[in-house]
Amino acid sequence: MKIFVSHLKKHIFRGLVAIIPLALTYFAIMFLYSTIDQRIVGIIRNIFGFSFPGLGIFLLLILLYILGIIVSNVVGKQIFKLLEKITDRIPLIRTTYKVGQQLGVTLSLPEKNIFKKAVLVEYLKPGIWTVGFITGIIIDRSSNNEKLFKVFVPTPPNPTSGTMVIVREAETRDPGWSIEEALYAILSAGIIGPEELR
């Protein structure tokens with residue numbers, strides 16, 4: 001009986017873990033549809049006399065694209081620096097803004113190509129492996145031009161902080177994971193991510 005209950009609990013939990021991303025995706029889509037799409041469609045229908053489903057989301061994507069262009073130039077960066085200074089003076093908003101800022105930085109890491117490859121390195125003591133990202137290469141001229149890796153070891157669940165170690169190529173292990181897969185594992189503290197070394 002205990003084995004059956006344990007089996008039941010394990011698979012119910014796995015089912016719950018599997019459905020959470022689907023549920024969050026569903027609620028995110030419904031939120032966008034009800035709070036953005038329907039309202040914008042209603043406004044456009046009242047002004048222009050026509051509309052179609054999905055128009056609000058389409059206009060939101062255009063708005064995000066324009067915003068992306070604005071923040072990519074000098075003027076846009078200055079505006080966002082000013083907003084950051086203002087929000088930094090309001091306690092509750094400051095905390096929320098910082099969390100959102102860290103999340104934004106994390107999501108943009110793969111886009112910036114600052115990580116060359118995900119690797120495993122021994123950390124703290126032999127036999128304990130941690131996820132790291134190769135950020136560059138150093139040639140050791142004093143040791144027969146040996147190739148050393150600069151590896152950034154992030155701190156879960158915030159990959160924007162961590163430490164940097166310099167290791168020999170032979171001291172790294174290639175798990176066969178993409179940078180995105182390794183980032184998911186770090187962000188979720190190992191709950192989400194690859195389940196095998198390839």
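Residues numbered from 1 in each chain as written. Predicted model: local features only at pLDDT ≥ 70, side-chain atom pairs only at ≥ 80, totals over all residues. Heavy atoms only, no water.

### Focus: the packing of aromatic side chains
Consideration 1: Under the defined criterion, the tally for this structure stands at 2 aromatic pairs.
Consideration 2: A network of ring pairs unites the aromatic residues Phe-115, Phe-133 and Phe-152 as a single cluster.
Consideration 3: Stacked on the ring of Trp-129, the Lys or Arg Arg-173 has its end atom at 5.7 Å from the ring centre. (Phe/Tyr/Trp six-rings, centres within 6.5 Å; stacked < 30°, edge-to-face > 60°. Lys NZ or Arg CZ within 6 Å of the ring centre and 35° of its normal.)

### Some remarks on helix α5 (residues 179-187)
Consideration 1: Every buried residue belonging to α5 is among Ile-179, Ala-182, Leu-183, Ala-185 and Ile-186, and all of these are buried. Angular distribution of buried residues about the axis of α5 spans 160°; they occupy a single face of the element.
Consideration 2: In the segment just after α5, Ala-189 is the residue with positive phi, at about 55°. (Buried < 20%, exposed > 50% of the residue type's maximum accessible area, 1.4 Å probe, protein only. Helix = DSSP H or I, 4+ residues; strand = E, 2+ residues; numbered from the N terminus. Arc of directions from axis to C-beta.)

### So, the confidence of the model for the protein chain
Consideration 1: Mean pLDDT over the protein chain works out to 76, with 78% of the residues at or above the 70 mark.
Consideration 2: Within the protein chain, no element has a lower average pLDDT than helix α4 (residues 91-112), which sits at 61, and none a higher one than strand β1 (residues 117-122), at 92. (pLDDT = per-residue confidence, 0-100.)

### Notes on the sheet that holds strand β3 (residues 146-155)
Consideration 1: Overall, antiparallel pairing links the 5 strands, which are arranged β4-β3-β2-β1-β5 in an open sheet. The strands lining the two open edges of the sheet, one partner per strand, are β4 (158-168) and β5 (172-173).
Consideration 2: Pairing analysis gives 6 bridges linking β1 to strand β2 (residues 129-140), with the strands arranged antiparallel. The residue of β2 that forms the bridge with Lys-117 is Ile-134. (Pairing = 2+ DSSP bridges.)

### Description of the side chain of Thr-172
Consideration 1: Checked against the element boundaries, Thr-172 lands in strand β5.
Consideration 2: A distance of 2.7 Å separates the side chain of Thr-172 from the backbone oxygen of Glu-169, its partner in a polar contact.
Consideration 3: Contacts of Thr-172, omitting those with residues within four sequence positions, involve Val-119, Leu-120, Val-121, Phe-149 and Val-167. (Polar contact = N/O pair within 3.5 Å; in protein donor to acceptor, adjacent residues only side chain to side chain. Contact = heavy atoms within 4.5 Å.)

### Considerations on the pattern of salt bridges
Consideration 1: The tally for this structure, following the rule as stated, stands at 4 salt bridges.
Consideration 2: Across the salt bridge formed by Arg-168 and Glu-171, the nearest N and O atoms sit 3.5 Å from each other.
Consideration 3: For Glu-171, a relative accessible area of 37% puts it in the partly exposed group.
Consideration 4: A single salt-bridge network, built from bridges that share partners, covers Glu-146, Arg-168 and Glu-171. (Salt bridge = Lys/Arg side-chain N within 4 Å of Asp/Glu carboxyl O.)

### Things to note about unusual backbone geometry
Consideration 1: Within the chain, Leu-124 stands out as a residue other than glycine whose phi angle is a positive 75°.
Consideration 2: The class of Leu-124 is exposed, set by a relative accessible area of 77%.
Consideration 3: Even without being a glycine, Asn-145 presents a positive backbone phi close to 55°.
Consideration 4: With respect to the helices, strands and loops of the structure, Asn-145 is situated in the loop between β2 and β3.

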